[in-house]
Amino acid sequence: MKIGLDTAPVSARGSYFQDLADVLAHYAPEHEYVVDAKHRGRIDLYHGFRSSLPLSVHLGRVPAVMTVPNLNFLRYPRLYPLSERLIALRLYRRALRQAHRVITVSSPAREELSERLSIDPAKIEVLMPLAARVPQEPPHQAELEHTQRKYGLPERFILMLGTVEPRHNHEAVLEALSAMESAAGVVVCGRRTAYSDFLLGYARERHLATRVDFIYELTPADLPALFRLARVFAYLPDAEAEASIVPVVEALRAGLPMVLSDTPVNREAAGNAAVYVNPEAPGEVTAALENALCDESWRQTMRQRERRRAELFSEYAVAERLMQIYTQL
């Protein structure tokens, strides 16, 4: 079977579908995988990520799978012009009804797709995303030292990875930092935004500037070392935030102890392999981070749970589930 894969999404970490094609080729080599299939001739199945299907797929009656990570243009209408929302809604409705299977990343997202766009829930599959490639062997000491020097990282730090915007509650972690007895820093990794500039000023006002670092442009190859160097991973989006499940999956697979906001999506990803907090409860956040930094028994327990949980997100597990979906069409 010749399987065509979309080129999107492309980010600072590279092309998701190129990585996916490599993984599928490794675990299911009996099939052919073509990235950017709309320019590569006849295919037997198409897997897309955009809000519409290529005309060649539609006209050729090619079985199609669509991955939909979120419906943010509906959830946060104030962030999108009316014309853009109407066009996106029309494209999504048409494409999702044409698609033979729809993939999303969580049960809440599945329900949202079904309710908001009237998609038959029977054809919506929940599949956790393929996270950053995890090396078979942990980074060597020289790699760790290079990454630490490159970004000027502190010896002990809490890592925050993902969108830098208010609904992700970075302030809660900075506030906890000022109250903790443990000597640790915070490293915020994400695209520079107006909110990241605000956070820098917030840290300076509270005399925390020397304990807060920002990485605006992370080299993808440095991510495994960054996870290895960090002491704790904190990810605290609101339940209604434009949040991705991928950072949690990456931290889980890297075996980094996690403090997460108590949201359905985070719980679905991490299960019992994390501690959950209410970002609006400062004492709760402070206590959880302090414990995660210092309690070695708890850290060991979490690592054991993460190893078991990470099997759900392995490259093999993702490839096997996708092949089940593909071969049913």
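Bringing the overall build of the protein chain into the picture now. Secondary structure assignment for the protein chain yields 14 helices and 14 strands. Counting only C-alpha atoms and orienting by the principal axes, one finds that the protein chain spans roughly 65 × 45 × 35 Å. Taken over 329 residues, the protein chain has a buried fraction of 49%. Put simply, 70% of the contacts in the protein chain that link residues at least 6 apart link residues at least 24 apart. Considering the protein chain, the positive charge centre built from 39 side chains and the negative charge centre built from 41 side chains are found 5 Å apart.

As a further point, take the pattern of salt bridges. According to the stated counting rule, one finds 10 salt bridges in the structure shown. In this structure, the salt-bridge partner of glutamate 205 is arginine 206, at a minimum N-O distance of 3.3 Å. A salt bridge links arginine 299 to glutamate 296, with the nearest nitrogen and oxygen atoms 3.9 Å apart. With a gap of 3 residues between them, arginine 299 and glutamate 296 both fall in helix H13 (residues 296–310), about one helical turn apart. With relative accessibility at 2%, the residue arginine 299 sits in the buried group. Its relative accessible area of 44% is what places glutamate 296 among the partly exposed residues. What emerges from the salt-bridge pattern is a single network uniting Arg101, Glu125 and Arg321.

Taken in spatial order, the 6 strands make up an open sheet running E4-E1-E5-E6-E7-E8, and their pairing is parallel. Of all the strands in the sheet, just strand E4 (32–35) and strand E8 (124–126) have a single pairing partner and so form its edges. Along the sheet, successive strands turn relative to each other by an average axial angle of 20 degrees, direction set aside. Relative to E8, strand E7 (residues 101–104) runs parallel, the two being bridged by 3 bridges. By the bridge assignment, isoleucine 103 is partnered in E8 with glutamate 125. Set on the sheet, helix H5 (residues 107–117) makes contact with E7 and E8; between it and E8 the angle comes to about 165 degrees.

Throughout the structure, instances matching the rule amount to 6 aromatic pairs. On the basis of an interplanar angle of 20 degrees and a centroid distance of 5.9 Å, the ring pair of tyrosine 195 and phenylalanine 198 is categorised as stacked. Taken together, the residues tyrosine 195 and phenylalanine 198, both in helix H8 (residues 194–205) and 3 residues apart, mark about one turn of the helix. The class for phenylalanine 198 is partly exposed, based on a relative accessible area of 41%.

In terms of nonpolar packing, the biggest core is built from 34 residues, with Leu159, Leu226, Phe233, Met258 and Leu260 touching the most fellow members. Elements that contribute at least two residues to this core include exactly helix H6 (141–151), strand E9 (157–161), strand E10 (185–189), helix H9 (223–229), strand E12 (232–235), helix H10 (246–254), strand E13 (258–261) and helix H11 (264–270). Among the elements that make up this core, the one with the highest residue count is H9 (5 residues). What leucine 159 contacts, discounting residues up to four positions off in sequence, is Val187, Cys189, Leu226, Phe227, Ala230, Val232, Phe233, Ala234 and Leu256. Formed by 31 residues, the second largest nonpolar core is a distinct cluster that contains Ala184, Tyr195, Val232 and Ala292.

Moving on: the pairing of strand E11 (residues 212–215). Note: E10 against E11, 4 bridges, orientation parallel. From the neighbouring strand, valine 186 faces E11, where its bridge partner is valine 212.

The next point concerns helix H4 (residues 82–98). In this model H4 runs 24 Å from its N-terminal to its C-terminal C-alpha over 17 residues, within 8% of the 24 Å that 1.5 Å per residue would give. If you check which residues of H4 are buried, you get Ala88, Leu89, Tyr92, Ala95 and Leu96. The arc that holds the buried residues of H4, viewed along the axis, is 150 degrees, so those residues lie on one side. Among the exposed residues of H4, those pointing more than 90 degrees away from its buried face are Leu82, Leu86, Ile87, Arg90 and Arg97. Residues of H4 that are buried make contact with strand E6 (64–67), helix H3 (72–75), E7 and H5.

What counts as what
- In every chain, residue numbers begin from 1 and rise along the written sequence.
- In keeping with the predicted nature of the model, local features appear solely for residues at pLDDT of at least 70, side-chain atom pairs appear and are counted solely at 80 or more, and the whole-chain, interface and lining totals rest on all residues.
- Excluded from the side-chain calculations are hydrogens and water; all other atoms, namely the structure's heavy atoms, are used.
- Labels follow the DSSP assignment, with helices taken as runs of H or I lasting at least four residues and strands as runs of E lasting at least two, numbered in each case from the N terminus.
- Three labels apply to residues, based on accessible area from a 1.4 Å probe with only protein chains included: buried if under 20% of the type maximum, exposed if over 50%, partly exposed otherwise in between.
- Contacts are residue-level and defined by heavy atoms, with any inter-residue pair within 4.5 Å sufficient.
- Charge assignment: positive for Lys and Arg, negative for Asp and Glu; neither His nor the chain ends contribute.
- For charged residues, the charge sits on one atom: NZ in Lys, CZ in Arg, CG in Asp, CD in Glu.
- Put simply, a salt bridge is a Lys or Arg side-chain nitrogen that is within 4 Å of an Asp or Glu carboxyl oxygen.
- A pair of strands is considered paired only if DSSP assigns at least 2 bridges between the two.
- Axes, fitted as lines to C-alpha atoms, cover a helix only where it is in contact. Angles between the N-to-C directions of the axes lie from 0 to 180 degrees.
- Pairs were defined over the aromatic rings of Phe, Tyr and Trp, the Trp ring being its six-membered one, requiring ring centres within 6.5 Å. Orientation was assigned from the angle between planes: stacked under 30 degrees, edge-to-face over 60, tilted for the rest.
- Nonpolar cores are built from buried Ala, Val, Leu, Ile, Met, Phe, Trp, Tyr and Cys residues. Side-chain atoms within 4.5 Å join them into one set.
- Multiply 1.5 Å by the residue count of a helix minus one, and that product is the helix's expected span.
- Of all possible arcs, the one meant is that of the directions from the helix axis to the C-beta atoms.

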